[in-house]
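Structural overview
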Amino acid sequence: MRMFDLKGVSLSLNTPNINSLLQSIELYRGKALRAKDLKKVDILTDIAVRSGVIASNEIGNVTIEDAREEEIFVKGAKPVTFQEHMVAGYRNALNLIAEVNKYQPLDRSFISTLHYYIYKDYNPEFGGQYKDSQNYIQEMMPDGDFRTIFVTAAPEEVVPLLDNLIYQYNECLKDEHINKLVLSILFMFDFMCIHPYNHGNGRVSRLLLNFLMKKNDYTIGDYFAIPNIMKHRVGDYIDAFEASAKGWEDATNDYVPFVEFVLKCVLEAYRKFDYIIEVNLEEGNADKKVLRVVTDSATPVTKEIIERVLYATSRTTIEKALSELVKDDKIQLITKGRYSKYFRL
C-alpha cells in the first residue's frame, strides 16, 4: 500500500507552466473583488450552483431532462427517478458546503457526509458507506463499451489511505511555502485514485474541490461553476487523469498533467467571471450589452449564454434587444427555434 507525500509533491510542482497559471489566477482572483459592486449577485450564485450541479452529474453520466431540471430547481418539484435524486442530492451537498465551509474541518466523517447527502433521499443506507468490492475508473466509448483507465485502491486500503491523505493535507495547510490551491487539487486527485465508495466518487471529488477551494479563499465557485468548464473539456479531463495516474500505486506517477488541467479550468472560470463583471458594470442599456456579448464571441452564441452573462437582465428584455439588433442589422440570427444562435456581422 502506498504512502502519500503531499508536501514533497506540492513543493516539486514548481514548473514554469504551473507557476504561470498560478500567477494569472492570483491576478484574476484580485480583480474578482469587484463582485461586491454587482447587483443581484445572488442570481449569479444560483446560476453557478445549478450549472455546476448539472455539469458535475453529466460528467458522471447522470442526466435529466431540461423540463425536469426547471421543475426541480425553480418550482421545487420532488425528484422521482434515480437520476433526479442524484441531481437533487448533489445540490443539497453543495448547499451544505456553502453553509459549513468556514468552520468545518476536512476529515473522513465530513467526506462521507457529502456522499451521504447525494444518496440520502434515494438510498440512505448506501450513502457514506465505503466500497465492499474492487472498483475501476472507466471511460464509456462511442460504441457503448467501457475502457478501464485505472484500477483503484483495494477496499481494505480505503480507511488507512484516506486517514494518511487527510492527515498530510491538514499538516500541509500549516506550511506557508505550499500553494493551497495546488494542494487542494492534489487532494482531489488522490481521492479519485482511492475511490472509496462503490459509486459517486467523481462527484464527491468535485464537491471536495469546491469545499477545499472555499476554505482556502478561492471562491470562484460561488459565481462560476468549474464543473461546467470540465464538462466541456471532458476528453482533456480524462486524458489528464489517466496521464497522472500511471504509476500511482508505487508513487512514481506525475501529478503535473492533472494539476495543470484543473488550474486551466480554474483560470478560465475566473476569466469568465471577470468578463461578467466587466459587462454588467459597463454603462449603457440592455441593447448595448447584448450587442457586446454577441460581438465579443468568436462563435455563435445562444440566448442561454447571453442570459448567463447578463444575469441581472430579464429574459424579456434580452429577447427584445436581440430582436431589435437583428432588425437593425447589427447582429445576425444563425439558427431559429428553441436553441437560436446569434453571431456578429
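In case you missed it, the structure is sitting above this.
Fair warning: this is a prediction, and the values are worked out from it, not measured in the lab. (Residues numbered from 1 in each chain as written. Predicted model: local features only at pLDDT ≥ 70, side-chain atom pairs only at ≥ 80, totals over all residues. Heavy atoms only, no water.)

Points about the pairing of strand β1 (residues 136–140)
Residues of β1 alternate between two faces, with I137 and E139 buried on one and Y136, Q138 and M140 left unburied on the opposite face. Taken together, the 5 bridges between β1 and strand β2 (residues 146–151) define a ladder with antiparallel strand orientation. Within the sheet, the bridge partner assigned to Y136 lies in β2 and is V151. What sits between the antiparallel neighbours β1 and β2 is a turn of 5 residues, in which G144 has the positive phi angle 95 degrees. (Buried < 20%, exposed > 50% of the residue type's maximum accessible area, 1.4 Å probe, protein only. Helix = DSSP H or I, 4+ residues; strand = E, 2+ residues; numbered from the N terminus. Pairing = 2+ DSSP bridges.)

A short note on the packing of helix α4 (residues 66–73) against helix α5 (residues 82–100)
The axes of two packed helices give the description: the angle between them and the distance between them. Between α4 and α5, the least distance of the axes is 11 Å, while the angle of their chain directions is 40 degrees. With respect to their mutual orientation, α4 and α5 come out oblique. Note on packing geometry: the crossing formed by α4 with α5 is right-handed. Facing R68, I72 and F73 of α4, the residues of α5 in contact are E84, V87 and R91. (Axes fitted to C-alpha atoms, helices over the stretch in contact; angles between N-to-C directions. Parallel < 35°, antiparallel > 145°, perpendicular 65-115°, else oblique. Left-handed = near helix turned anticlockwise from the far one by under 90°. Contact = heavy atoms within 4.5 Å.)

Let's talk about the sheet that holds strand β4 (residues 331–335)
Here 3 strands make up an open sheet; going across it, the order is β3-β5-β4 and the pairing antiparallel. Only two strands of the sheet have a single partner each, and these edge strands are β3 (301–302) and β4. Relative to strand β5 (residues 341–344), β3 runs antiparallel, the two sharing 2 bridges. Across the sheet, residue V301 finds its bridge partner in β5, namely Y342. Docked against the sheet, helix α15 (residues 315–327) engages β4 and β5, running at close to 105 degrees with respect to β4.

As for the packing of aromatic side chains
Throughout the structure, instances matching the rule amount to 17 aromatic pairs. On the numbers, 6.5 Å between centres and 50 degrees between planes, the contact of F191 with Y197 is tilted. No difference in accessibility class separates F191 from Y197, as the two residues are buried. Taking the centre distance of 6.3 Å and the plane angle of 35 degrees together, the rings of Y237 and F258 count as tilted. Separated by 21 residues along the polypeptide, Y237 in helix α11 (residues 234–245) and F258 in helix α12 (residues 256–281) bring together distant segments of the chain. (Phe/Tyr/Trp six-rings, centres within 6.5 Å; stacked < 30°, edge-to-face > 60°.)

Structural notes on the pairing of β5
Where β4 lies against β5, 4 bridges are found, and the strand directions are antiparallel. Each residue of the ladder has a partner; that of L333, found in β5, is Y342. In sequence, β4 turns back onto β5 through a hairpin of 5 residues, with G337 there showing a positive phi of about 100 degrees.

Let's talk about the environment of K330
Along the chain, the position of K330 falls in the loop between α15 and β4. Given a relative accessible area of 45%, K330 falls into the partly exposed group. Residue contacts for K330: discarding those within four places in its chain leaves L291, L325 and L345.

Some words on α12
Each turn of an α-helix holds 3.6 residues, which means side chains three or four residues apart point in the same direction. Under the 1.5 Å per step criterion, the end-to-end length of α12 is 37 Å for 26 residues, consistent within 8% with the ideal 38 Å. Extensive coverage of α12 is indicated by the burial of 19 of its 26 residues. (Expected span 1.5 Å × (residues − 1).)

What to know about the pattern of salt bridges
Applying the stated criterion across every chain, the model contains 23 salt bridges. Taking the shortest distance from any N to any O, the salt bridge between R68 and E71 comes out at 2.5 Å. Here R68 pairs with E71, and both are found in helix α4, just 3 residues apart, close to one helical turn. Look at R68 and you get buried, because its relative accessible area is 18%. The partner of R308 in a salt bridge is E304, with the nearest N and O atoms 3.3 Å apart. Of this pair, R308 and E304 are both found in helix α14 (residues 303–309), 4 residues apart, which corresponds to roughly one turn of the helix. Judged by its relative accessible area of 29%, R308 is partly exposed. Through salt bridges that share partners, E278, E282, R292 and D296 make up one connected network. (Salt bridge = Lys/Arg side-chain N within 4 Å of Asp/Glu carboxyl O.)

Some words on the environment of D239
Position of D239 among the secondary structure elements: in helix α11. On the basis of relative accessibility, which here comes to 48%, the residue D239 falls in the partly exposed class. Between the C-alpha atom of D239 and that of F126, which follows or precedes it by 113 residues, the distance is 30 Å.

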